[in-house]
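Coordinate analysis (summary)
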Amino acid sequence: MLKLASRLGRRGMSSNNNNNTHSVGKRIATLSICGGALGGLYYYSQWEKEQTKKLEAQSDNKKERARRHFSKLENWDTGRDDFSLVNCRDVGGKRITNASFKGKWHLLYFGFTHCPDICPSELEKTTDVLTMLDETDNYSGIVPVFITIDPSRDTPEKIVEYLKDYHERYMALSGSEEEIIQAAKGFRVYFTKGPVDEASGDYILDHTLINYLISPDGKLCDYYATTKYKPSQLAELITKRVDDWNLLHGETE
Ligand code: NI
């Protein structure tokens, strides 16, 4: 840069018959400043390139992490068995299968309406989480799904009535005992019936307390032992996973 400035300066000097050193000096000064600016511009563009590289590397890392997470889930082979269940709000209508979950995010939970405290608090928590997420632009519209593990007592009408206390988008699913066992197996959900109370005929079911996040391509995206988390923590975990999924599927929202 300096070489160029002095060469131009010399040329300016030789072409100037009056040999006006003052104006040559001025020109050299101007060229030096321009040279400085050009140098600055050069360094700035180098810096910008480095920043872009860094950001690209960061996004590659993020993508890599997301990819690792999802491939781990695929290896576990959870939530992939197909199932066929009854939509309690549309008994006799189209049955609900894995394919029915395509196009929307779902949060799936297995429980029973006679559960004394855990299921109600889980459903309440899910309602809080989804209400929180509904207020955001990018994470709203997740559909909560309740699948009964107690079909002999949980009739479709009863489940629909029960869910009135919770999020309005709750999907209610039931089926024969075999169909429910098949669905539960696919998600590695376990449940066992406790002893029946002789006087009341009442009983409790011990069951897995997990919420399963299903992505719009109908695949298991994550799962949460929700009793461990506050609604705000759960909302954060879900948004992170939705971001991961969008990163790999090229969507911004
Ligand atoms: Ni329960």
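Scroll up a little and you will see the structure.
A quick note: this is a predicted structure, and the numbers were derived from the prediction, not measured. Counting of residues starts from 1 at the beginning of each chain's written sequence and follows it residue by residue. The model is predicted, so local features are restricted to residues of pLDDT at least 70 and side-chain atom pairs to those at 80 or more, both for listing and for counting; the totals for chains, interfaces and linings are taken over all residues. Note that water and hydrogens are dropped before the side-chain values are worked out from all heavy atoms of the structure.

1. A closer look at the sheet that holds strand β8 (residues 220–224)
Taken together, the six strands give an open sheet; going across it, the order is β1-β4-β3-β2-β7-β8, and neighbouring strands pair in mixed fashion. Two strands in the sheet have a free side with no partner beyond their single neighbour: β1 (86–87) and β8. Pairing between strand β7 (residues 211–214) and β8: four bridges, direction antiparallel. Within β8, the residue paired with Ile 214 across the bridge is Leu 220. Any two strands are treated as partners once DSSP identifies two or more bridges connecting them. Secondary structure elements are defined from DSSP: runs of H or I of at least 4 residues count as helices, runs of E of at least 2 residues count as strands, and each element is numbered from the N terminus.

2. Describing the packing of aromatic side chains
The pairing test for Phe, Tyr and Trp rings, Trp by its six-membered ring, is centres within 6.5 Å, and the orientation test on the planes gives stacked under 30 degrees, edge-to-face over 60, and tilted for anything in between. All told, the structure shown has eight aromatic pairs when counted by the stated rule. With a centroid separation of 6.0 Å and an interplanar angle of 50 degrees, the aromatic rings of Phe 83 and Phe 101 are classed as tilted. In this pair, Phe 83 sits in the loop between α2 (21–76) and β1 while Phe 101 sits in the loop between β1 and β2 (106–111), placing the two residues 18 residues apart along the sequence. Only protein chains enter the accessibility calculation, which uses a 1.4 Å probe; a residue whose area is less than 20% of its type maximum is buried, one above 50% is exposed, and one in between is partly exposed. The buried category is assigned to Phe 83, whose relative accessible area is 3%. Taken together, the aromatic side chains of Phe 83, Phe 101, Phe 110, Phe 187, Tyr 212 and Tyr 223 make up a single cluster linked through ring pairs.

3. Some points on the nonpolar core
Residues grouped as a nonpolar core are buried Ala, Val, Leu, Ile, Met, Phe, Trp, Tyr and Cys residues, joined through side-chain atoms within 4.5 Å. Counting residues in hydrophobic clusters, the biggest one holds 37 residues, and the most contacted among them are Phe 101, Leu 108, Phe 110 and Leu 163. The set of elements that each furnish at least two residues to this core consists of β2, α3 (118–134), β3 (143–148), α4 (156–163), β4 (171–174), α5 (177–186) and β7. Here this core gets four residues from one element, more than from any other, and that element is β3. Phe 70, Tyr 224, Leu 234 and Ile 238 belong to the second-largest nonpolar core, a separate cluster that totals 17 residues.

4. Comments concerning the coordination of the nickel ion
Protein-derived coordination of the nickel ion comes from Cys 115 (SG), Cys 119 (SG) and His 207 (NE2), at a distance range of 2.1 to 2.3 Å. Mapping the donors of the nickel ion onto the primary sequence yields the spacing C-x3-C-x87-H. Placement of the pair is Cys 119 in helix α3 and His 207 in strand β6 (residues 205–207), with a sequence separation of 88 residues. Considered together, Cys 119 and His 207 belong to a single accessibility category, that of buried residues. Metal donors: N, O and S atoms at distances within 2.8 Å, or within 3.2 Å for Na, K and Ca, with water omitted from the atom set so that some sites may seem incomplete.

5. Re the side chain of Asp 222
As for its position among the elements, Asp 222 is in strand β8. Residue classification places Asp 222 among the buried positions, given a relative accessible area of 9%. At 2.8 Å, the side chain of Asp 222 and the side chain of Arg 241 are in polar contact. Whether two residues are in contact is decided by their heavy atoms, any of which lying within 4.5 Å being enough. When sequence neighbours within four positions are dropped, the list of residues in contact with Asp 222 reads His 69, Leu 73, Asn 211, Tyr 212, Leu 213 and Arg 241. Under this definition, polar contacts are N or O atom pairs within 3.5 Å; protein pairs additionally need one hydrogen-donor-capable and one acceptor-capable atom, and for neighbouring residues in sequence, both atoms have to be side-chain atoms.

6. Description of the pairing of β4
Moving residue by residue along a regular strand, the side chains alternate between the two faces of the sheet. Covered by surrounding structure in β4 are Met 171 and Leu 173 together with Ala 172 and Ser 174, the residues of both alternating faces. Alignment of β3 against β4, held across three bridges, turns out to be parallel. When the bridges of β4 are listed, Val 145 appears paired with Met 171. Whether a crossover is right-handed depends on one test, that the path from the first strand over the helix to the second runs clockwise when the strands point away from the viewer. In terms of handedness, the path from β3 via α4 over to β4 forms a crossover that is right-handed.

7. Points about the packing of α3 against helix α6 (residues 231–249)
The interhelical angle for the contact between α3 and α6, taken along N-to-C directions, is 55 degrees, at an axis separation of 9 Å. Taken together, the axes of α3 and α6 are oblique relative to one another. Seen from above, α3 lies across α6 with right-handed handedness. Contacts between α3 and α6 pair Lys 125, Asp 128, Val 129, Met 132 and Leu 133 from the former with Pro 231, Ser 232, Leu 234, Ala 235, Ile 238 and Thr 239 from the latter. Gly falls in the polar group here, along with every residue not listed as nonpolar (Ala, Val, Leu, Ile, Met, Phe, Trp, Tyr, Cys, Pro) or charged (Asp, Glu, Lys, Arg). In terms of residue class, the contact of α3 with α6 is built from seven nonpolar, two polar and two charged. Only the stretch in contact is used when a helix axis is fitted, and all axes are lines through C-alpha atoms; the angle between N-to-C directions ranges over 0 to 180 degrees. Roughly parallel covers angles under 35 degrees, roughly antiparallel covers those over 145, roughly perpendicular covers 65 to 115, and oblique covers all other angles. For any pair of crossing helices, the crossing counts as left-handed if the nearer helix is rotated counterclockwise from the farther one by less than a right angle, and right-handed if it is rotated clockwise.

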